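Listed below, chain by chain, are the residues.
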Amino acid sequence: MSVRVRFAPSPTGFLHVGGARTALYNYLFAKKHNGVFVLRIEDTDIERSTKESEDQLIDALTWLGLDWDEGPNVKGEYGPYRQSERKYIYKKMAEKLINEGKAYYSYVYPEEMEAIKEKLSKEGKPPHYSYELLEPYNTEERKKEFEEKGLKPVVFFKMPRKAFSINDLIKGPVTFGEGAIGDFIIMRSNGLPTYNYAVVIDDMTMEITHVIRGDDHLSNTLRQVALYEAFGVKIPEFAHVSMILGPDGKKLSKRHGATSVEEFRNKGYLPEALVNYLALLGWSHPEGKEILTLNEMIENFDLNRVNSSPAIFDNEKLKWMNGVYIRQANLERIVKLSKPFILEKGLLTEEQFENNKKWVTEAIDIVRESVEDLSQIPDKLETFLKDFEVDLDNEELTDFLKADGVKSTIKLIYEKVLNDPDWKVETILKNIKEAMKESKPKKKPFYMSLRKILTDSFEGPDLVKTIHLIGRSRVLQRLERVVAKW
Ligand code: GLU
């Protein structure tokens, strides 16, 4: 049977990195096995689900490049792919269970259910519902009352009193002991299914072969397995992926910084970097390779290599990886992606950006060498554009300037630039070389002084390229200010 997997988010907020990793593992598994990756929107929690959140989820998954083969906006034979559009299926299947005596109607109110639980616990019994306990509420009077109020009877599933076990592909064998839970609701009085029931109906009717999801759902698996058995269908394989923790060992949350795909996107992370990082958050390449193309991930993905213990979200590693991807990406793409950050910072206007594309492209190419995300690009570009007056009393600079030949070389460079209108990288290099040959400065103090005078910093990218980007008039102005004082 061919592999069919699904990612089934509830549209109640942004796509969390944990969810994105679950989607990615499903995607990789599907691709690896030439299977089908389904996107299903689990929107039966009407109070918390929003269309806006569904759009955001779809947008985030699209941005990550995790395309699905079937889903709300991609035709498939197993639709609809939104739970809110599948109510008729849940109803029909619940009736089937009722007809087979595996489920039953109950006209009980939530408060009464609470009262039953309380009574059981007072009697020292486990708080489990059963047909015997609920049946007395099914009076004719109560049925009429429900009808008048437009309520539907709740449907309870008769939980078999026996143990259940699964062989989880990540966790290994998991057994749920006998009598762990009692009968449970599968259809509510508002006519909507409960989560555990809807998931089973969907996975069953969509012929899902492998359920790969977060291990926060492991306890739900008991109810789900019991339902599969009741329907007499093949139970899918389960693979429960462990949680993602922050560096302090607590569940990854806002306190640890960005946690949603949207936040990383807005901070200037590249999708391929986030995908690569998330792939390694719990899974590893057989040869320990870290920078991986999507194809390498697909080829090597194996649930056997997914760690059963929690993964620690390491922001520093993600930043490093993003930097690697920024440096190796197509330059035009990086320029385009950096534009909003540059405009937002007010560094350049849209017009300036577009009219100086060549300069902008060159400048971004050299500053991308030292950034971790695209939001850092504007600050780096500022070096070339800002106006400043270097502090000649700076202790380090005064020391460097005292070294043999430093001041005279800088003076010579100033003169050469002044007399040479040609402003190419090669000409700048030639002028510097000639000045050095004539004045023979001590190298390190010379380079440090020149950089500090021209950029107000002792470090930065390639100096000659930097000088070229600063532009002839600004360079002359910066040199003149200091040379005039000597
Ligand atoms: N809708 C569930 C969630 O967002 C996922 C259910 C599942 O994967 O079985 O957590």
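Within any chain, residue numbers begin from 1 and follow the written order of that chain's sequence. Residue-level local features of this predicted model are given only where pLDDT is at least 70; pairs of side-chain atoms are given and counted only at 80 or more, and the full residue set underlies all totals for whole chains, interfaces and linings. Working from all heavy atoms in the structure, the side-chain values ignore hydrogens and water.

In the nomenclature of an unreviewed UniProt entry, the protein is known as Glutamate--tRNA ligase of Marinitoga hydrogenitolerans. UniProt positions are given in the numbering used here, feature names are shortened, and annotations may be inferred rather than shown by experiment. Quoted verbatim from the Subunit (unreviewed entry) heading of the UniProt record, the comment on the protein is "Monomer."

A. Representation of the sheet that holds strand 4 (residues 154-157). Two strands pair if DSSP finds at least two bridges between them. Numbering of helices and strands runs from the N terminus; a helix is a DSSP stretch of H or I covering at least four residues, while a strand is a stretch of E covering at least two. If you trace the 3 strands from one edge of the open sheet to the other, you get 3-4-7, paired in antiparallel fashion. For this open sheet the edge positions go to strand 3 (103-106) and strand 7 (184-187), each flanked by a neighbour on one side alone. Sheet twist, expressed as the mean angle between neighbouring strand axes with direction ignored, is 45 degrees. As paired elements, strand 3 and strand 4 share 4 bridges and run antiparallel to each other. Considered in strand 4, the bridge of Ala 103 is made with Phe 157. Axis geometry follows a simple rule: fit a line to the C-alpha atoms, using only the stretch in contact for helices, then measure angles between N-to-C directions, giving values from 0 to 180 degrees.

B. Expanded view of the UniProt feature "domain: Aminoacyl-tRNA synthetase class I anticodon-binding" (unreviewed entry) in the protein. Residues annotated in UniProt with the feature "domain: Aminoacyl-tRNA synthetase class I anticodon-binding" (unreviewed entry) correspond here to residues 335-482. Helix makes up 71% of residues 335-482 and strand 0%, whereas the separation of the span's terminal C-alpha atoms amounts to 34 Å.

C. Highlighting the site of the ligand. By convention in this text, a residue qualifies as near a molecule or strand provided that one of its non-hydrogen atoms is within 4 Å of it. Lining the immediate environment of the ligand, one finds Arg 6, Ala 8, Pro 9, Ser 10, Glu 42, Tyr 195, Val 199, Arg 213 and His 217. Within the side chain of Ser 10, a nitrogen or oxygen atom sits 3.0 Å from a nitrogen atom of the ligand. Any pair of nitrogen or oxygen atoms within 3.5 Å is treated as a polar contact; in protein, a donor-acceptor pairing is required on top of that, and neighbouring residues in sequence qualify only through side-chain atoms on both sides. Side-chain polar atom of His 217 to an oxygen atom of the ligand: 2.8 Å apart, as the coordinates give it. Each cavity reported here is a set of points on a 1 Å grid over the protein atoms alone in which a 1.4 Å probe fits but cannot get out, each pocket an open set with protein on both sides within 12 Å along at least five of seven lines, and each lining residue one with an atom within 4 Å of a point. More than half of a molecule's atoms within 2 Å of the grid points is what it takes for that molecule to sit in a cavity or pocket. Of the pockets mapped on this structure, the ligand occupies the largest pocket. Grouping the amino acids of the shell around the ligand by side-chain chemistry returns 4 nonpolar, 2 polar and 3 charged. All residues other than Ala, Val, Leu, Ile, Met, Phe, Trp, Tyr, Cys, Pro, Asp, Glu, Lys and Arg, Gly among them, are scored as polar; the first ten of these are nonpolar and the last four charged.

D. Examining unusual backbone geometry more closely. Here the bond from Gly 79 into Pro 80 is cis, since omega is -5 degrees, no more than 30 degrees from zero. Positionally, Pro 80 belongs in the loop between helix 2 (51-64) and helix 3 (87-99). Even without glycine at this site, Lys 440 takes up a positive phi of about 45 degrees. Looking at the secondary structure, you find Lys 440 in the loop between helix 19 (425-439) and helix 20 (443-455). Exposed residues in this analysis have more than 50% of their type's maximum accessible area, buried residues have under 20%, and partly exposed residues fall in between, with area computed by a 1.4 Å probe over protein chains only. The class of Lys 440 is exposed, set by a relative accessible area of 63%. Positive phi outside glycine occurs at Asp 456, with the angle close to 65 degrees. Summarising the element assignment, Asp 456 is placed in the loop between helix 20 and helix 21 (463-470). Judged by its relative accessible area of 29%, Asp 456 falls in the partly exposed class.

E. Fine view of helix 8 (residues 220-231). Expected span, for any helix, means 1.5 Å times one less than how many residues it has. Helix length check: helix 8 (12 residues) gives 17 Å between terminal C-alpha atoms against 16 Å at 1.5 Å per residue, within 8%. The buried fraction of helix 8 amounts to 10 of the 12 residues, a majority that puts the element mostly inside the structure. Directly after helix 8, the chain includes Gly 232, whose backbone phi takes a positive value near 70 degrees.

F. Broad picture of the layout of surface pockets. Grid points are joined across faces, edges and corners, and a volume is the space filled by probe spheres set on the points. For the largest pocket, the calculated volume is near 1000 Å³. As for the largest pocket, its lining consists of 38 residues, of which Ala 8, Pro 9, Ser 10, Asp 216 and His 217 are closest to the centre. Among the elements that make up the lining of the largest pocket, the one with the highest residue count is helix 1 (residues 17-32) (4 residues). Split into classes, the residues belonging to the lining of the largest pocket amount to 14 nonpolar, 14 polar and 10 charged. Counted as a void, the second largest pocket has a volume near 290 Å³. Along the wall of the second largest pocket there are 16 residues; nearest its centre are Tyr 129, Asp 183, Phe 184, Ile 185 and Arg 223. Secondary structure elements with two or more residues in the lining of the second largest pocket: helix 4 (110-122), strand 7 and helix 7 (195-205). Taken together, the residues of the lining of the second largest pocket break down into 8 nonpolar, 4 polar and 4 charged.

G. A look at the environment of Leu 270. Turning to its location among the elements, Leu 270 is positioned in the loop between helix 9 (261-266) and helix 10 (271-279). Distance in space between the C-alpha atoms of Leu 270 and Lys 102 is 50 Å, their sequence separation being 168 residues. Only heavy atoms matter for contacts: two residues are in contact if any of them lie within 4.5 Å across the pair. Not counting the four nearest positions on each side in its chain, Leu 270 is found in contact with Trp 63, Asn 322, Tyr 325, Ile 326, Ala 329, Arg 333, Ile 334, Leu 337 and Leu 374.

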